[in-house]
Structures are given as structure tokens and as C-alpha cells.
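# Analysis of the macromolecular model
Each chain, letter by letter, is given below.
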Amino acid sequence: MAAASFLLYEDQFLCSICLDVLTDPVSTPCGHNFCKTCITEHWNTNDRFLCPLCNKAFTTRPDLRVNTLLSEMVSQFRQSAQQDASSSSSEQQVSKPGEVPCDVCAGTKLKALKSCLVCLLSYCESHLEPHLTASGLKRHQLIDPVENLDSRMCTKHDKPLELFCKTDQTCVCMLCSVLDHIGHKFVPLKEEYEGQKAELGKTEAEIQQMIQKRQLKIEEIKRSADLSQEDADRAIAEGVQVFTSLKERVERGQAELINTIKKKQERAEKQAQAFIRELEQEISELMKRRTEVEQLSRSEDHLHLLQSVQSLNTNQPPATRDWTEVSVPPPSYEGTVNRAVAQLEEDVSKEMIKAELRRVQQFAVDVTLDPDTAHPYLILSDDGKQVNDGDVKRKKLSDNPERFSKCVCVLGEQSFSSGRFYFEVQVKGKTEWDLGVVRESINRKEIIRLIPKNGYWTVWLRNGNEYEALDDPSVRLSLRSQPQKVGVFVDYEDSLVSFYDVDAAALIYSFTSCSFTEKLFPFFSPGNNDEGKNSAPLIISPVHAVN
């Protein structure tokens, strides 16, 4: 109740000019009260003598004297207000660094709750009350507390900045609009505020959209990095597997080489030992005969010597070999080492091709034949996996722009314009075929040369055993065995097309530095039927990793 009573009387003791408690209060003839200093300065700066509250005009300047009764009442009010303020200040927050302080507090500055754009002052809870209760102050515009309220005044005319000049894009006061910005377009600050706020909302939405796009790009890059890490881990695992296999192959080759050399040495040593044993046997026989001759030569019995010599001469001499041409040359290991190294190189090369083939098989795709592109002579299976030349034109077949008219060819339904893909085709039992990939824009109505310049990257078989890569110029291929299943791999970004003999785990041919600028389609030609000699179909096969 005390606080309510205090609020009821507070506005009666405020000067409407300085908005503070009256100091040396004086009364005008119209009955309104002001600080003596405030009303005096007000009239000193104006040509007419008007009451600031009711605009009552006075012909002569009124002689103002301090209202003694009112002055005593104000003094009592001050004492009461100071007591109430001291008790309430403990409840209110003291202004801290970075917070806007109350401009009215005399001692300890309390935290401001609002700033007045008319008074250009900031008020704490206690000093804000007149703006909430006094009828003349309620019309003032209050905002959240801000510093530097002087910046809201026109520096030239010392008037509030109330208008926005659209022409010069700046805030101005009322005098600026009529004195310095003649002919310019103006709008109230609030109207421009609303427009700019709407534009800021749009800008914020656009920025938010840009942020979201970049966040999505971050996620995309993270996924790419994760995939890259997975590819790296997979490549490392494959590399370790390959090198482990190669190491085992080298160690096995080394062991086989050492074993071969040791066997050669053992054979040479056995031969030498056999010769030595034979020579020692002959030496033993010869020494026995020498002893007999030596004993006979020492005999002095004429008859005995003659009879023994005849007996000794009639017997056959010990059987001996002619050792003149006999020798044991050291074995040669040169050819053995060369053959072992050559075999090792072949095994290593094959193991590397196997590893490469296992890697590209990871990009296997499901390819089916497109009946809308098939030449009229071609017969496709219902599942779109097989094609062969029927040697007879199919009836009631539309000649659409995608269909081949001159060449017995067909494309896959799937197209690729990025990344890597791989598929396998069984060519067993055929004497002629074409395989590869082509550009979408190839000429399908004329017979043209199958070269990369014309959009073809292909390999073919002719006459049962003649293989060529249709590069420019074409390359005759010398294969160790006839492929029964051919793998086709494409790396769009790396501009690469490779062909593999799947069963032999061998590279047939690679097109490098290819010019890919549009969609690529798998390309198949089973070749002409050739009176049944080439009737076997091309079959798109499931991909199984090589061992």
C-alpha cells in the first residue's frame, strides 16, 4: 500500500521539462509548476512566453517566485522517496560492466530497464514509473535499454531522427527534410524499419539456405572421404594379400630353385662316386695281379717259373675301362636360374592380373539387352541376357531411331556417365563377336568404322582365332588361349576401357586416354550366323570373383 501511495503522488512533484523532482518549484499564472531554472531557460530560448504544458500564451514574461508550500511538500517527498529508493535499490540489480545504467540514479547506478527515444534517457525500474503512469509521458516511445542515445539526435539540428531519406539512404530529422533534403522522398523510420526487417528476413532465409547447402556439401564430402577411406583400406588389404601371395610365390620359387640345383649336384656327386668306386675296384684287381707277377719274378725254380708264366699269360688280364675320355664336368646352373626367374615373372604377372581383375569385379553391374536397339536379324532371350543372329529378319518390327539397321548389333539398356562399371560376357563356341562400349550418339543406321573417334571402344574375334583391338590403328592381339568369357571394365573419370580373359585371368587390351563426353552404353554383336558355324549366343553372365 505504501508503494501504491508513493506512485499516486510522485507525478505531482515532477517537472514536465526535466522530468525530475521539482527544484525550487515555481507556478505559472495558468497554475502549472516547473523548476525555476527549467522554465527560465525555456523562456530564454523562445521568442514567445508559452506554458510548456498547456501552451497558454502570456503577453509579458510572468514574474515567477518560488512556491514555498509546494517547496516544502517536495522536500518531504524527496526524503520519503530516498527512503523508498534505498529500500528498493537493494532489490534492483546494480548495473554491471556491459549493461546500460540508469541515467537518473544519483549514487549507485542501477541497471536500466528501458530507454526513452523522446527523453533520450535510460531508466531503472524506479525512475521508469512516471513513463508508465503519467499521461504526458505514456506517449513517449520506450525501447530496450541502449547506450549512446545522443546518436539518435540530428547533430546539425539537435532534433530526433524520425524520418528516413530514401534518396540518400540516411536517417534525418524533421528540419533536415525541409532544409537539407528538398525534393527527396521520405518515409517514417518505422516504415523503413519494417521494410528493411522484411529484407533482412529474406536475406536471413537466403543465408540459411546457403548454410544448409554447405552443410549438405560437408556431409557429401564426409561421405566421399569415408568412401575414399574405405577404398584405401580395401586397396591396402588387396595389396597386402597380393604381396603376401607374391612373397609366398617367390619363397616357393626360391625353394624349388635350390632343390633343383641340389638335385643336379647330387646326380653329379653320385656319378663321381660311381666312377671312383669302379676305379678303386680296378686298382684292387691290378694290385693283386702285380703281387702275383712280383712273387713269380723272384722264383729261382726254372721249371716253376716257366710253367707259371705260361699259366699267367693264358689267363685273361683284369677287365679295365679306358678312362682317357672319362670325366665328371661340374653341372651348369645358368639355365636353371633363368628358367626359374622366367617362371617366377610369369607367376607374378598372372597374380597381379588376378588381383586387378578381382578389384574391377567389385564394380559389377547388372546389364540387360535393349530390344529397341537390336538389329532385325538378332534374337534376344526373354530375360535380356542372350543374343544370337537368327539369319532371318523379324517381322512387324518398328524401325525406331535407336535401332541398328546395317550392323547386327545391340546395346545394353543401362547407360553410364560417371564412375566405374564392369560386366562379363560368355563367348564360348563362337567364331565371331564384337564387345565393348559406345557413345550414345553413334550412327546406328550406317556401316561405319568401329574406332574411338567414331564413339566405339571395342575388341572383336574373326575367323575363329583372329583377335583385334579396334583402336586407331587397330592392334592385332596375340593371346595364349582363346577366351571363353570376356570381362569389360570402364572407368569414366580415368578415361579407361579394359578387356579381360576371365578364366585365364589375363588382360586382353586396354584403351587409355579415352574421350568420354556423353553417356556410354554396353555394346554387343554376336556376328553373322555363318550357316550355323557361329550360331552360339553371346551370354551376359553373373560375375564371380576369380580365385
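Let me begin by describing the structure that accompanies this report. Since the structure is predicted, the reported quantities are computational estimates derived from the model, not experimental observations.

### Some thoughts on the environment of E147
Among the structural elements, E147 can be located in the loop between β7 (142–143) and β8 (163–165). Sequence separation between E147 and L121 is 26 residues, and the spatial gap between their C-alpha atoms is 9.1 Å. Setting aside residues no more than four positions away along its own chain, E147 makes contact with E99, V100 and P101.

### Describing the sheet that holds β7
Strand pairing within a sheet occurs via backbone hydrogen bonds; the two strands may be parallel or antiparallel. The sheet built from 3 strands is open, its strands ordered β6-β5-β7 with antiparallel pairing. In this open sheet, the two strands that pair with only one neighbour each are β6 (121–123) and β7. Inspection of the sheet shows strand β5 (residues 114–116) paired to β6 by 3 bridges, in the antiparallel sense. Looking across to β6, one finds that K114 is bridged to Y123. Of the strands in this sheet, β5, β6 and β7 are in contact with helix α4 (residues 125–133), which crosses β6 at around 110 degrees.

### Brief notes about the sheet that holds strand β14 (residues 420–426)
Here we have 7 strands laid out as an open sheet, ordered β11-β12-β23-β14-β19-β20-β21, and antiparallel in their pairing. The open sheet terminates on both sides in strands that have one partner only, identified here as β11 (378–380) and β21 (506–511). On average, each strand axis in the sheet is inclined to that of its neighbour by 20 degrees, with strand direction left out of account. Of the strands in this sheet, β14, β19 (485–491), β20 (496–501) and β21 touch helix α8 (residues 334–361), which is tilted by about 110 degrees from β14.

### What to know about the nonpolar core
One finds W433, V497 and F524 to be the most contacted residues of the largest nonpolar core, which totals 37 residues. Leave out the neighbours within four places in its chain, and V497 touches V437, W457, F489, V490, Y509, S510, F511, C514 and F516. The next biggest cluster of nonpolar side chains, apart from the first, holds 18 residues, and it includes C38, I39, F49 and L70.

### Some points on the packing of aromatic side chains
Counting across every chain of the model gives 13 aromatic pairs. Arranged with centres 6.2 Å apart and planes meeting at 55 degrees, the rings of W433 and Y467 form a pair that is tilted. Residue W433 is located in strand β15 (residues 433–439), and its partner Y467 is located in strand β17 (residues 466–469); the two are separated by 34 residues in the primary sequence. For the pair formed by W433 and Y467, the shared burial category is buried. Measuring from ring centre to ring centre gives 5.2 Å for Y492 and F516, while their planes differ by 35 degrees; the resulting arrangement is tilted. You can see Y492 sitting in the loop between β19 and β20 and its partner F516 sitting in the loop between β21 and β22 (520–525), a full 24 residues away along the chain. Like Y492, the residue F516 is buried in the burial classification. Clustering of aromatic rings is evident, with ring pairs tying together W43, F49 and F58. Taking the ring centre of W323 as reference, the NZ or CZ of R321 above it sits at 4.9 Å. The ring of W460 has R462 sitting right over it, with the charged end atom 3.7 Å from the ring centre.

The rules we used
- Residues numbered from 1 in each chain as written.
- Predicted model: local features only at pLDDT ≥ 70, side-chain atom pairs only at ≥ 80, totals over all residues.
- Heavy atoms only, no water.
- Helix = DSSP H or I, 4+ residues; strand = E, 2+ residues; numbered from the N terminus.
- Contact = heavy atoms within 4.5 Å.
- Pairing = 2+ DSSP bridges.
- Axes fitted to C-alpha atoms, helices over the stretch in contact; angles between N-to-C directions.
- Core = buried A, V, L, I, M, F, W, Y, C linked by side-chain atoms within 4.5 Å.
- Buried < 20%, exposed > 50% of the residue type's maximum accessible area, 1.4 Å probe, protein only.
- Phe/Tyr/Trp six-rings, centres within 6.5 Å; stacked < 30°, edge-to-face > 60°.
- Lys NZ or Arg CZ within 6 Å of the ring centre and 35° of its normal.

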